[in-house]
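Chain by chain, the residues:
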Amino acid sequence: MTDSLNVAVIGAGTSGLLTARELIREHHRVTVFEKSNKLGGTWLYEPRVESDDDVLHLDPNRSVVHSSLYSSLRTNLPRPLMGFSDYSLDDKSYGDPRTFPGHEEVLKLLQDFANEFRVTEVIRFNSEVVRVDSSDGGFVVEWKTMEVGSTEEVFDAVVVCNGHHTEPQVADDVPGIEEWSRKQVHSHNYRIPEPYRDQVVVVIGNGPSALDISQEIATVAKEVHLSSRSTNVKVTMLDGYKNMWQHSKINRVYDDGRVVFQDGYSIEANVILHCTGYKFHFPFLKMNNIVRADDNRVGPLYKHVFPPLLAPRLAFVGLTYNQGVLFRMFELQSKWVALVLSGKLLLPSEDEMLADVYKHYQEMEENGIPKWHTHSLAFKSEYVDWLAAQVGLEIEDRLKEIFGKLFAYYVSHPNPNGFRDLFQMLLMEKELELEKESVRKRNPIPYAVWLAGNGIGINSKVCLVRWKWNWNACKIPKLPFFFATVCNQTQIRSKWEDHLNEFLFRTVGNMGVQETGDDETKGAKNKFRRLDSELTDYGDDDLEVVQYNHTQQEKSKKARKYVFACAVFASLNNVLLGYDVGVMSGAIIFIQEDLKITELQEEILIGSLSVISILGSLAGGRISDAVGRKWSMGLAAIIFQIGAAIMTFAPTFQFLMVGRLLAGVGIGFGVMIAPVYIAEISPTISRGSFTSFPEIFINLGILLGYVSNYVFSGLSSHINWRIMLAVGILPSIFIAFAIFIIPESPRWLVMQNRVDEARSVLLKTNEIDSEAEERLSEILVSAGANTGDTAVWQELLTPTPPVRRMLLTGIGIQCFQQITGIDATVYYSPAILKTAGLQDKSNLLAATVAVGISKTAFIMVAILVIDKVGRKPLLFVSTIGMTFCLCGLAICLALFNKTAIGVGFVILLVCGNVAFFSIGIGPICGVLTSEIFPLRLRAQAFSLGAVGNRVCSGIVAMSFLSVSHAISMAGTFTIFTMISGLSVIFVYMFVPETKGKSLEQIESLFGNEHNWVEDEIELSDTQRLVPNQEKLAFIQ
């Protein structure tokens, strides 16, 4: 037996972790080198991608991203095959109970495995091996870190467990591919489908990943064409897809974008996506060609593991592929290496090993197998059986049977999700038969009743509730169990099963149901499931899944509450604007009496806030991009506090204006940031509701302002208006507190290259971890075009057609929100009611409270329905309703002036106008403007819209009284009516529907010049798809 060796393991992926575990078990001294800061290897998802400017000629000095996973990837093997002999994924669940789980589940398995077997303790993270060279009796390993630089150490043995999935293999043999001028990408750099929206994509490859990726891209792309390497494939449209076709091998591509297939058809493509696998890549090996990778053949290697000339001190684990029990095969290889290094197993002589290798090469050549398939096992079990015999660890027949059936299902159902779903059913049916037999043996009476029920047609579908329980030992009521077993598929059954499931979850969900018997284990996990004829990936009636759903619901509630709290705190700045609008409508009455200001000064005082807030809005975009969204909101609160304090103690009109100007800057600053922040932090499904919060708080502020007017109006005119204005300082105090609680915007964090912090925020604000990762991927893609502040303004001032359409929509809706006269209705509601005939100050202020209540109440309606009904329908209701109310006001003020009925109608119509405003254009204006711009432009483009909004508000507020005196108040509302009518046309022509789309998806809505205002983007089935033969249509 060999003494303990000092062994270097390169790579902390699956094979590296297994090798380290087995070496530790053999009492060797192990060091695992891992380039990244986390373990997992291939299963470590990284949203970041490499530059794919020239996928055919990769720069060897490029910044390499190790991960090749895409966000939605699911395993191709079921849980029983995704594990090790003593540590199986089949026995664990980390939040994804599907038989074919997502990649996150596998990574968590590997992390737990490494921790449990103390492998993590021997891993040197952030250590990249740059050289392995033979030395006297061992190997020199040189590695580098960011902190220390290069370091060398001599090891007795080296096991290479990396280099499998980082170097893309491309289809560079396609004629014309070097001259093809359009985009080419390798699947190594594929994460999400969004970059391929409205594109014509050619996918080269026919493996599981090619099919998975193609089907995912087809959900957003115009067309997807899947090109196999075979020459005898007939062009067919894939089942279930109207924009996806299977083709034979590509015949030639041309620099104008044409792709011609050997099946005779031609398309004009935007992107070629290579799903063509990877090259083995070991640049650190300096072995004078004793071991080298040539056309994906690493060798010579005895049994794909040991190079004969350097065995056993150099070994490779994990090179073999196309084997159903992949993880178990890696385990066998690693155990073999460990036992050989310990001297417990002996290798053949060097000559014998070389003879075996060259025999394998000769057999491949005779059978026409290309060199690059050297390490493919072609899903045969001989190699695995040989390894198992060497180390004394057999693969269970059950696992071989599962894979055999899986392979048959895959061949007959090449749709990845299709074969997964069908195989899920197969496993469940198998488990059902086993449990039916168990129930029959232990509980013959209820089983006989169930069987009889089936025989006479009571149970038309399979609805046996499966459970692990003992009829005699069960401590909970037996009748529900018995009834659920024999009932048929009726409403009664459904209700009973619902009650049963709830009862079981509450009663035994956390403690299990004890079983008795000689061979039974007490405290076994309680597990039950109803099996219908139509089976999905997993049913809600499986207790394990019920528990998962319960946990997921709790997490969802927590995420929603967290985002809700963030939206509330971020919207406090908007209370300031609303309060100022509301309070000034009443306070101005008493300011006139106390400071003796003129009507012109009154208009300037009221309207100046809107105009001066432009400075805050313009500065807000730049400052929020520089210091962050939340700290910008804090700065806005401080500026407003100073302005409000000056106004409170102002002895003259001039001092009042100074405070007013500072308050305007603070309000403009804060109001611009809040919707952007909330839109960037909210999950897609509820973004509309949360982004409406600023408008809610504006309305709440207006109502509070009206109430403040009414409450303090009884004081002396020298004191009351000062108290009214001073109360507005209170919300800004809460803002100062809030900024220490709420997180920073994840999109802003990505722009600052603080990706880990952004991921942490997204995990808190999204209900599902995979959704958070997908959002992060989309943000990274969107943020990739960020080119700095100067470039942003240059793009906004000289916009591309898509950006021009965004600006037209964003700035247009902001302007229409104000030029329809809402601020005149709110600021000057006492003056309007006074013109109608209401003279008493107390009644005037009481009526304004009714206006405030109407405005606030109807904003709640918008919040409840905006993410269900959509933005555009609410905008139609709002603008049309406002048009009728404004028209009614013009008529009443002209025909029923100074009459009791006129006063009543005017109050009703003013309330109706603000109600229709609040149900649509009020909240949706901010929602829409914060949604439509790409990340790199969002803050400053929103500030442009805010400028337009404030300019229009200022014009209306500073001219309303003057214009009303010149053409009468009825004439002024006639003008507002016509403008409101134009807003209906604007919404119809220029506003797209954004409901249910991520911010990055909304950006793509404006890329199509002709269909950018349609509710949905339609994917063409046949556009630009024509055969080479003249006058022959591709699809009749």
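If you're wondering where the values come from, they're calculated on a predicted model, not measured in any experiment.

A. How the structure looks around the overall build of the protein. Looking only at helices and strands, the protein has 34 helices and 27 strands in total. For the protein, contacts bridging at least 24 residues in sequence account for 73% of all contacts bridging at least 6.

B. Expanded view of the packing of helix α29 (residues 871–895) against helix α30 (residues 900–919). One can describe the packing of α29 onto α30 by two numbers: an axis separation of 8 Å at closest approach and a directional angle of 160°. Classified by the angle their axes make, α29 and α30 are roughly antiparallel. The handedness of the crossing between α29 and α30 is left-handed. Residues L874, V877, S878, G881, M882, C885, L886, G888, L889, C892 and L893 of α29 touch α30, and the partners they reach there are F905, V906, L909, V910, G912, N913, F916, F917 and I919.

C. Expanded view of the packing of helix α4 (residues 326–341) against helix α6 (residues 382–391). Taken N-terminus to C-terminus, the directions of α4 and α6 make an angle of 40°; their axes are 9 Å apart at the nearest point. As summarised for this structure, α4 and α6 are arranged oblique, according to the angle between their axes. As for how α4 packs across α6, the hand of that crossing is left-handed. On the side of α4, the interface is formed by M329, L332, Q333, K335, W336 and L339, while α6 contributes Y383, V384, W386, L387, A388, Q390 and V391. Here the residues of the contact of α4 with α6 are counted per class, giving 10 nonpolar, two polar and one charged.

D. Fine view of the confidence of the model for the protein. In the predicted model, the protein carries a mean pLDDT of 78, and the fraction of residues at 70 or more is 79%. Here strand β26 (residues 529–530) stands out as the element of the protein with the lowest mean pLDDT, 33, in contrast to strand β2 (residues 29–33), whose mean of 97 is the highest. Low pLDDT, under 50, characterises residues 450–545; the stretch is placed with 151 contacts to residues that sit more than four places away or in other chains. This model gives residues 1014–1036 a pLDDT under 50, and the stretch forms 58 contacts once residues within four places in sequence are excluded.

E. Focus on the pairing of strand β7 (residues 138–145). Most of β7 is tucked away, with seven of its eight residues classed as buried. Where strand β6 (residues 128–135) lies against β7, seven bridges are found, and the strand directions are antiparallel. Looking at β7, one finds that S134 is bridged to F139. If you look at the hairpin formed by β6 and β7, you'll find two residues sitting between the two strands, and G137 has a positive phi there, around 75°. Where β7 folds back onto strand β8 (residues 149–155) in an antiparallel hairpin, the turn is made up of three residues.

F. Structural view of the sheet that holds strand β24 (residues 314–316). Read across the sheet, five strands follow the order β5-β2-β1-β9-β24 without closing on themselves; strand pairing throughout is parallel. Unpaired on one side and paired on the other, β5 (123–124) and β24 mark the two borders of the sheet. Alignment of strand β1 (residues 6–10) against strand β9 (residues 157–160), held across four bridges, turns out to be parallel. Counted as the bridge partner of I10 is V160 from β9.

G. Local environment of the environment of S4. As for its placement among the helices and strands, S4 is situated in the segment before β1. A sequence separation of 338 residues divides S4 from S342, and the C-alpha atoms of the two residues are 7.5 Å apart. Residues contacting S4, with those up to four places away along its chain left out, are H27, H28 and R29. A polar contact of 2.8 Å, which involves the side chain of S4, links it to the backbone oxygen of H27.

H. Highlighting helix α25 (residues 801–819). Taking 1.5 Å of rise per residue, the 19 residues of α25 would be expected to cover 27 Å, and the 26 Å separating its terminal C-alpha atoms lies within 8% of that figure. G821 lies just past α25 and shows a positive phi near 95°.

I. Geometry of unusual backbone geometry. Residue P300 is reached from G299 by a cis peptide bond, and omega for that bond is 0°. Following A311, the chain continues to P312 via a peptide bond in cis, the omega torsion being 0°. Looking at where P312 falls in the secondary structure, it is placed in the loop between β23 (297–299) and β24. Despite not being glycine, K303 shows a phi value in the positive range, around 55°. Within the secondary structure layout, K303 lies in the loop between β23 and β24. Of note, S968 is a non-glycine position whose phi angle comes to about 80°, a positive value. If you trace the backbone, S968 turns up in the loop between α32 (935–967) and α33 (969–990). Owing to a relative accessible area of 34%, S968 belongs among the partly exposed residues under this scheme.

J. Summary view of the side chain of T879. Looking at where T879 falls in the secondary structure, it is placed in helix α29. Given the relative accessible area of 1%, T879 is considered buried. One polar contact links the side chain of T879 to the main-chain carbonyl oxygen of L875, over a distance of 2.8 Å. Within the structure, T879 has its side chain in polar contact with the backbone oxygen of F876 (distance 3.4 Å). Leave out the neighbours within four places in its chain, and T879 touches I921, S980, S983, V984 and V987.

K. Local environment of the side chain of T972. Considering the arrangement of structural elements, one finds T972 in helix α33. Taking the relative accessible area as the measure of exposure, T972 reaches 4% and is therefore buried. When near neighbours in sequence (up to four residues on either side) are disregarded, T972 contacts F960, V963, S964 and I967.

L. Fine view of the environment of K995. On the secondary structure map, K995 appears in the loop between α33 and α34 (999–1005). Sequence separation between K995 and D867 is 128 residues; the distance between their C-alpha atoms is 6.1 Å. Once residues lying within four places of it in the same chain are set aside, the contact partners of K995 are I866, D867, K868, V869, G870 and R871.

Calculation notes
Every chain begins its residue count from 1, and numbering advances along the sequence as written. Local features are withheld for residues below a pLDDT of 70 in this predicted model, meaning they are given only at 70 or higher, and side-chain atom pairs are given and counted only at 80 or more; totals for whole chains, interfaces and linings count all residues. To obtain the side-chain values, all non-hydrogen atoms of the structure were included, while hydrogens and water were left out. A run of H or I in DSSP becomes a helix once it reaches four residues, and a run of E becomes a strand once it reaches two; helices and strands are each numbered from the N terminus. Contact definition: two residues touch when any of their heavy atoms are within 4.5 Å. Axis definition: a line fit to C-alpha positions, over the contact stretch in the case of helices; interaxial angles, taken between N-to-C directions, run 0 to 180 degrees. Note that the term roughly parallel is reserved for angles under 35 degrees, roughly antiparallel for angles over 145, roughly perpendicular for angles of 65 to 115, and oblique for everything else. For any helix crossing, the convention is left-handed if the near helix is rotated counterclockwise from the far helix by under a right angle, and right-handed if that rotation is clockwise. Note on residue classes: Ala, Val, Leu, Ile, Met, Phe, Trp, Tyr, Cys and Pro are nonpolar, Asp, Glu, Lys and Arg are charged, and everything else, Gly too, is polar. How sure the predictor is of each residue is captured by pLDDT, a score from 0 to 100. Categorising residues by exposure relies on relative accessible area from a 1.4 Å probe, with only protein chains included: less than 20% of the type maximum marks a residue as buried, more than 50% marks it as exposed, and the intermediate range marks it as partly exposed. Whether two strands pair depends on DSSP finding at least two bridges between them. Think of a polar contact as two N or O atoms within 3.5 Å of one another; within protein, one of them needs to be a possible hydrogen donor and the other a possible acceptor, and neighboring residues in sequence only count if both atoms come from side chains. To estimate how far a helix should extend, the number of its residues minus one is multiplied by 1.5 Å.

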